[in-house]
Amino acid sequence: MIVVLTSLALAQTDPCADEGSIATNSERIAALYEASTADADALRQGDGGAASRAKKRAKTFLEYHSWGQLCTAQDKWHAAWVLLQVDNQKVLDRAGTLAAEALAEHAERGLWLSAYSVDRRRVAGGTRQTFGTQTVLDAEGRLCLVELDGNTTDAKRAEYEVPSLQEIVREVLDANDRTRDKPTMKRLYKRKLVCDREGNPVERR
């Protein structure tokens, strides 16, 4: 009897102890994630309203995390992604923790999210990125690749489900209607499409 009562008490207090609660939480979490992806372009373009909404969603996910309501690997993936949209180092560190948990629990695209999280936190901290997942808009509204540290191979990128450097460069060039340019870093630098986190062009080191 005591065991049964204890189990019932846990089910009532632990959001992850009941299948119905897990499903309800996951639906809410997925909806917030979808809203975040819908705001992605506006956020990239510096839309103040999108930034405000991103902060509110991040606050909600921080509360979910604190209350133990991120029950599944996919919940943690969604939460990490939403937190990574906020330009606050403490929030980004929490996102990194969630990304690591999602990966450990075998979330789909967990490896890619881990790489994205590393780059996002490095760029936010004023450091060159590692994998090449981070792009920003420059003063002319052109998509540019945030500067790389040059220490990562394509084999490492492949391990983390990140496209090769050539594919990354190709995407940036194509986004700027430079479809005939060879997809090389030299060409990106020449076009001033390698930048810092603020979108300012940087010279080749």
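Above this text is the structure in question.
Quick caveat: nothing in here was measured; it's all calculated off a predicted structure. (Residues numbered from 1 in each chain as written. Predicted model: local features only at pLDDT ≥ 70, side-chain atom pairs only at ≥ 80, totals over all residues. Heavy atoms only, no water.)

Undergrad: Help me understand the packing of helix H5 (residues 73–83) against helix H6 (residues 89–104) in this model?
TA: Two quantities define a packed helix pair, namely the angle between the helix axes and the distance between the axes. At a closest axis distance of 8 Å, the pairing of H5 and H6 adopts a crossing angle of 155 degrees. The orientation of H5 with respect to H6, classified from their angle, is roughly antiparallel. Judged by the twist between their axes, the crossing of H5 over H6 is left-handed. Where H5 approaches H6, its residues Ala73, Lys76, Trp77, Ala79, Ala80 and Leu83 are matched on the opposing element by Val91, Leu92, Arg94, Ala95, Leu98, Ala99, Glu101 and Ala102. The class makeup of the residues in the contact of H5 with H6 is 11 nonpolar, no polar and 3 charged. (Axes fitted to C-alpha atoms, helices over the stretch in contact; angles between N-to-C directions. Helix = DSSP H or I, 4+ residues; strand = E, 2+ residues; numbered from the N terminus. Parallel < 35°, antiparallel > 145°, perpendicular 65-115°, else oblique. Left-handed = near helix turned anticlockwise from the far one by under 90°. Contact = heavy atoms within 4.5 Å. Nonpolar A, V, L, I, M, F, W, Y, C, P; charged D, E, K, R; others polar.)

Undergrad: How should I be thinking about unusual backbone geometry in this particular structure?
TA: Glycine aside, a negative phi is what most residues show, and trans is what most peptide bonds show. In this structure, His106 takes a positive phi of about 65 degrees despite not being glycine. The residue His106 is located in the loop between H6 and helix H7 (110–124) in this model. The backbone of Lys192 shows a phi angle near 55 degrees, a positive value even though the residue is not glycine. Along the polypeptide, Lys192 turns up in the loop between helix H10 (185–190) and strand S3 (194–195). For Lys192, a relative accessible area of 44% gives the class partly exposed. (Buried < 20%, exposed > 50% of the residue type's maximum accessible area, 1.4 Å probe, protein only.)

Undergrad: What am I meant to see in the sheet that holds strand S2 (residues 143–146) here?
TA: Strand-to-strand pairing in sheets goes through backbone hydrogen bonds, with the strands running parallel or antiparallel. Read from one edge of the open sheet, 3 strands run S1-S2-S3, paired in mixed fashion. Each edge of the sheet is formed by a strand with only one pairing partner; in this case those strands are strand S1 (135–137) and S3. Strand direction decides the pairing type here: S1 and S2, joined by 3 bridges, are antiparallel. Residue pairing across strands places Val136 opposite Cys144, the latter belonging to S2. Running over the sheet, helix H9 (residues 165–175) touches S1 and S2 and is turned about 155 degrees from S2. (Pairing = 2+ DSSP bridges.)

Undergrad: Even after reading the chapter, I still don't get the nonpolar core, so can you show me in this structure?
TA: Within the largest apolar cluster, 42 residues are counted, with the highest numbers of intra-cluster contacts made by Phe61, Trp77, Trp81, Leu83, Leu113, Met185 and Leu188. Per element, the largest residue contribution to this core is 7 residues, and it comes from H5. Contact partners of Met185, with chain neighbours within four places excluded, come to Leu145, Leu148, Leu165, Val169 and Val194. Grouped together as the second largest cluster of nonpolar side chains are 5 residues, Val123, Cys144, Val146 and Cys195 included. (Core = buried A, V, L, I, M, F, W, Y, C linked by side-chain atoms within 4.5 Å.)

Undergrad: Looking at this model, I keep getting lost on the packing of aromatic side chains. Mind explaining?
TA: Two aromatic rings, taken as a pair, are described by how far apart their centres are and by the angle between their planes. The final tally for this structure, using the stated rule, is 8 aromatic pairs. The interplanar angle of 20 degrees and the centroid separation of 6.4 Å between the aromatic rings of Trp77 and Trp81 together place this pair among those described as stacked. In this pair, Trp77 and Trp81 both sit in helix H5, 4 residues apart, roughly one turn of the helix. Each of the two residues, Trp77 as well as Trp81, counts as buried. Directly above the aromatic system of Trp112 lies the positively charged group of Arg109, at a separation of 4.3 Å from the ring centroid. (Phe/Tyr/Trp six-rings, centres within 6.5 Å; stacked < 30°, edge-to-face > 60°. Lys NZ or Arg CZ within 6 Å of the ring centre and 35° of its normal.)

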